[in-house]
Number of protein chains: 2
Amino acid sequence: MTETDPTSPRPEALRVAGAQLENVVGDIQGNCHRILDAMRWAEGERADVLVLPELALTGYPLDDLALRPEFVDSALSALSELARHSGRTTTVVGTIDAVRPRRGRDSRRRAVSIAAALLSDGEVRGIYHKVLLPNYEVFDEARNFAAGRRPSALWRIGGTVAGVSICEDLWSGDGPPEAQAASGAQVLLVPNASPFHRGKAEGRRALAAAVARRNGVPVVYVNCVGGQDELVFDGGSIVVDGDGNLLFRAAQFEPARFCLDVPLARPRPLRGRPDVVHARVGALRAPEPPPASPPQAGELEQVWQALVVGTRDFTHRNGASAAVLGLSGGIDSAVTAAVAADALGPENVLGISMPSPGTPDVEVANARRLAADLGIASEIVDMAPVLTALVAGLDSVLGDSLTERTEEELHARARGAMLLAIADELGRLLLATGNKSELSVGSAVLYGDMAGGFAPIRDCPKTLLYELARHRNARGRAIPEAVLERPPTALNQEWLDLPPYEILDPIVERYVEEGGGPEGIIAAGFDRATVRGVLQLIDDAEFERRQAPPGVKITARAFGKDRRMPIANSWRPFAAEEEELVASPDGTGAAIPTPPRA
Amino acid sequence: MTETDPTSPRPEALRVAGAQLENVVGDIQGNCHRILDAMRWAEGERADVLVLPELALTGYPLDDLALRPEFVDSALSALSELARHSGRTTTVVGTIDAVRPRRGRDSRRRAVSIAAALLSDGEVRGIYHKVLLPNYEVFDEARNFAAGRRPSALWRIGGTVAGVSICEDLWSGDGPPEAQAASGAQVLLVPNASPFHRGKAEGRRALAAAVARRNGVPVVYVNCVGGQDELVFDGGSIVVDGDGNLLFRAAQFEPARFCLDVPLARPRPLRGRPDVVHARVGALRAPEPPPASPPQAGELEQVWQALVVGTRDFTHRNGASAAVLGLSGGIDSAVTAAVAADALGPENVLGISMPSPGTPDVEVANARRLAADLGIASEIVDMAPVLTALVAGLDSVLGDSLTERTEEELHARARGAMLLAIADELGRLLLATGNKSELSVGSAVLYGDMAGGFAPIRDCPKTLLYELARHRNARGRAIPEAVLERPPTALNQEWLDLPPYEILDPIVERYVEEGGGPEGIIAAGFDRATVRGVLQLIDDAEFERRQAPPGVKITARAFGKDRRMPIANSWRPFAAEEEELVASPDGTGAAIPTPPRA
């Protein structure tokens, strides 16, 4: 160490504070307040460094809001304001920064970067620009942001040489953390905006440990929390030492603050000169042991919390505090109602039971029972007169008999229209109740059970809904046994020749989430004709999915931002095996069998 | 010239064929047939080179279809098949290619490139990988594709040294065309997939001329045609000489073939060695004069054709041949009906007039007159019984009086549900009739006038619809004068405090299409309070736009893929001027006034 920097004593630990803030897109003023509060707290904790999440000042993701100059200007002003309030604790603030316009890998210039600003002693003392911009799955960062060009930037914070990386920077195995450690960083400070999916928390822990071990430096990984459209940021911030051992893990799904002594890597020979944030070297002292981490929830509980937080924040951030939904007596609306009750409070949820003449009494009874168990208000609307009038109204065009499918979809859409009227009159958000199995194969009725502003369970397959319901019931009566015991009805509809959910859901998982091809799915033990039919339905339902409301992403690849497919799409994964390529004499493409049903 | 390559005679011209093919996403088999037909034709024309559009073999854009290995394999097989059929004419085929997995600017490896394969004499003799991958506006190419690494690649085709660039490669001013010309290219062959918007055709001509002049080489720019979801590819392929003079411009909006002698740039000193496609040097001969170009349509006619082609192809490619739509007697449904009649034939369009008790008789009369003038079938459905039943059904929850807005939206949604039933029973596509002005400010009723599989005029502001109607009428009776003379009703609704369309539409254009900020719009002469109100409505309506059906993009920045905004978004462009940044004592963000109405 003395070879590298003989003038400064060697601190053995850095006192690091982390603030796992709520992520609120566009709310620069509110974010500014939340950051200032955290800065005051960290000064009180005598922290050397406070690390905040990625884009803490602006919210994440910004999408094309980043293209609006007045927004960028506002973020820059707010950062100056924050800097004025900074003191002895160096604060690493995630924000956006204006940079010299530069081309990426296309002809367009970009003039904004994702940044981590280092504030200290009343000033912005340094700024790091994110180097790796994720552009896959739900991420679009290369669309609007200029990539940083200083992956090996180092920052001298008192006696410590630190590296700052941002989220994706960490994931390549050969990126800024590696460059910074090789250049002399003793600790990596990493702001993140990392959305939840099943298994993500464990993946993050493994990643942070691997980066720490590979580079021999501790890693402070701070994530944000809260629902933003289809994404839920689940926090679970992580601190690992230079051997990859977990020092602390913050709670998931809620704002949190933590402060601990992080044992630093031994000083290393420096390549390049660190930018000086400040030169005050603290007293030499041994690190205190870290505080105890809160318990980690199991995976089903994580999913449940994601649904609750995503639903709560979408509702509140769009100006509502209460919700309405249709109660069919089935599992979909039951789980949606339970999520809504947990998210908004049972007193803010209104369930409407809307029986048709053909609706079994037990379904209305189950809906009433559900409402009672959840403690939510419920009403019954008799649909019979409406349906009679609708069918009669169509008589002049269609005659007096509709196919069963059209009639059922008409009923669902009449319910949707009435639910929206109720929601609008009461100033509430309508929650749609469609699930992922239905959305996959096109059996969710667009403008019917998919009517609404938010669809909490749209990424939950039917089989998972039963698991979630039982999980939630273990915590207190929520979803009546009678609902759980009743067999699902949708796939009995004769117009869809579908396998049971126990077979459908794993096929969807393999095709959609894992990106597997038909042959691989068949090889895993599924019937060829079944796979063929299901894949065809999945491909054809893109049309309906495009108009579905957003809902909470809980899987590694949800429909929506995560999986972008053309609507008009002649590709059929099975076509190649049956038709010779240059065979058809008329030069036309593959036939598409049925027009899209909305 | 003799300094550079003394062994070969100097051809003065290259005989270039272009095939402006239909762009059909995923239809590898059909595309293969179309390409083979063009190859046979070009051989018959004794062309030296045949240039096809970008991704001619796979269709454009592919979105996440490019991630499916079975799709990539199928494209590779098809290319081999095409190569087997190639002869003396070198064919430049746009397709995808498997490449060694490589990282872009994030942690993800990509293993597919956008390519132009050079086929000759039964083989794939060369392959160029697109270097610049557009990742802005509607384009997402960096998401799934690996960038090419040989911007200065050259190809010897007989006695000619050619450069091949693909679409975006052309637009940077310092990209592959510049590298290729500097390395010795005498001609640039450029496959494209360039979607239409107003003014685009002229922009492309200016671009091709600028590239040619800057580099002193002729440019052969071949575009595809046809509608793909919200995009319409309008063809209009261009050939310019080395001084930028237009030699030929192909028709817009329809498949076309052309063949002409392109005068080559004088041979230049070569940097690097061109890949040899073939070494047969043709006889020295002077170029023949180019064929006459078809006449160029004016801008309104281009917009009309885009609407027609987009509607036609979306309908056909999703398996329908006929359409249904609601006819209100107003301009929106009138223009939509006229577009549908031109797109599908009047015999394949059914208009349904659905009067409420409050509907003026003149509107039903206008709808009937429109149907007669267009030659489409029409029916009348009396909505009174349905509406009575709906309002009565809501009585138990809401009491017997609804606000005027909720009641009107309920009517619109009941119409939407019935129209969908008609469309589904008849196996037709339902066309939604909402326009851009309404979609901007949230006055288009989701699941009501926005119900349907496709919304042809969703990117057309109201003021443009009148221009389009008069333009279409000049070609033959289509939209009755009575419809054009009736004042628009939507913005009279008292719950929306909006300016007339003559003021609203330019504000939307400045804010949405041009990305202008509030102060700039006010400075252009608009009332501050009006601008403030309109911008707020535009921002709040993101929620509704997200669920709107796709429609034809005709402006430089449409809603949809073009403009990606968060739904939950606290940003208010006017907030900064009225509220001090770190002022509010409670730390909460800006209030959001109203819950979203679907």
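Scroll up to find the structure.
Quick summary incoming for the structure in this document. Each chain has its residues counted from 1, running along the sequence as written. A letter from A marks each chain and a number from 1 marks each ligand, given out in the order of writing. The predicted nature of this model means local features are confined to residues of pLDDT at least 70 and side-chain atom pairs, given and counted, to a pLDDT of 80 or more, with totals for whole chains, interfaces and linings taken over all residues.

The transform that puts chain A on chain B rotates by 180° and translates by 0.0 Å along the axis, for an RMSD of 0.0 Å. Look at the turn and shift together and you get a two-fold axis relating the two. Among all residues of chain A, the minimum C-alpha distance to the rotation axis is found for Gln547 of chain A, at 2.2 Å. What counts as a contact here is a pair of residues whose C-beta atoms, placed from the backbone, lie within 7 Å. The residues that chain A uses at the interface reappear at the interface of chain B in 100% of cases, marking a shared surface. In superposing the copies, a least-squares fit is computed on C-alpha atoms, taking residues whose pLDDT is at least 70 in both.

Below, the discussion takes up helix α7 (residues 331–344) of chain A. For α7 of chain A, with 14 residues, the first-to-last C-alpha span of 20 Å sits near the 20 Å given by 1.5 Å per residue. Note on α7 of chain A: the residue one or two positions beyond its end, Gly345 of chain A, has a positive phi of about 90°. A helix here means a DSSP run of H or I that spans at least four residues, while a strand means a run of E at least two residues long, and both kinds are numbered starting from the N terminus. By this rule, a helix spans an expected 1.5 Å times one less than how many residues it contains.

Residue and element names in this part refer to chain A. Across the 5 residues that make up strand β17 (residues 349–353), a large majority, 5, are buried. Alternating positions in β17 separate into two faces, Val349, Gly351 and Ser353 on one and Leu350 and Ile352 on the other, with burial throughout. Seen with its strands pointing away from the viewer, a crossover is right-handed when the path leading from the first strand over the helix to the second is clockwise. Regarding the hand of the β-α-β motif, the stretch spanning strand β16 (residues 323–326), α7 and β17 is right-handed. Here the rule is simple: two strands pair whenever DSSP picks up at least two bridges between them. Of the pairings in the sheet, the one linking β17 to strand β18 (residues 377–380) comprises 4 bridges and is parallel in character. Of the residues in β18, the one forming a bridge with Gly351 is Ser378. Regarding topology, helix α8 (residues 361–374) serves as the crossover connection from β17 to the parallel β18, and that connection is right-handed. Exposure criterion: with C-beta atoms placed from backbone coordinates, a residue whose C-beta has 20 or more other C-beta atoms within 10 Å is buried, one with 12 or fewer is exposed, and one in between is partly exposed.

Turning our attention to the nonpolar core. The tendency in soluble globular proteins is for nonpolar side chains to be buried side by side. Remark: nonpolar core denotes a set of buried Ala, Val, Leu, Ile, Met, Phe, Trp, Tyr and Cys residues whose joining runs through C-beta atoms within 7 Å. Core analysis: the largest hydrophobic core is formed by 387 residues, its most contacted members being Val220 of chain A together with Val220 of chain B. Residues contacting Val220 of chain A, with those up to four places away along its chain left out, are Val16, Gly18, Val51, Val187, Leu188, Leu189, Val190, Val239 and Val262 of chain A.

Attention now moves to the interface of chain A and chain B. Taken residue by residue, the interface counts 118 residues in chain A and 118 residues in chain B. Of all the secondary-structure elements, those providing two or more residues to the side of chain A that touches chain B are α1 (28–44), α2 (69–84), α3 (141–144), α6 (299–317), α9 (384–398), α10 (404–426) and β19 (429–430) of chain A. Tallying contributions element by element places α10 of chain A first for the side of chain A that touches chain B, with 13 residues. Class assignment of the residues belonging to the side of chain A that touches chain B gives a composition of 59 nonpolar, 31 polar and 28 charged. Note that Gly is not counted as nonpolar here; it falls among the polar residues with everything else outside the nonpolar set of Ala, Val, Leu, Ile, Met, Phe, Trp, Tyr, Cys and Pro and the charged set of Asp, Glu, Lys and Arg.

Nothing here speaks to function; it is all geometry.
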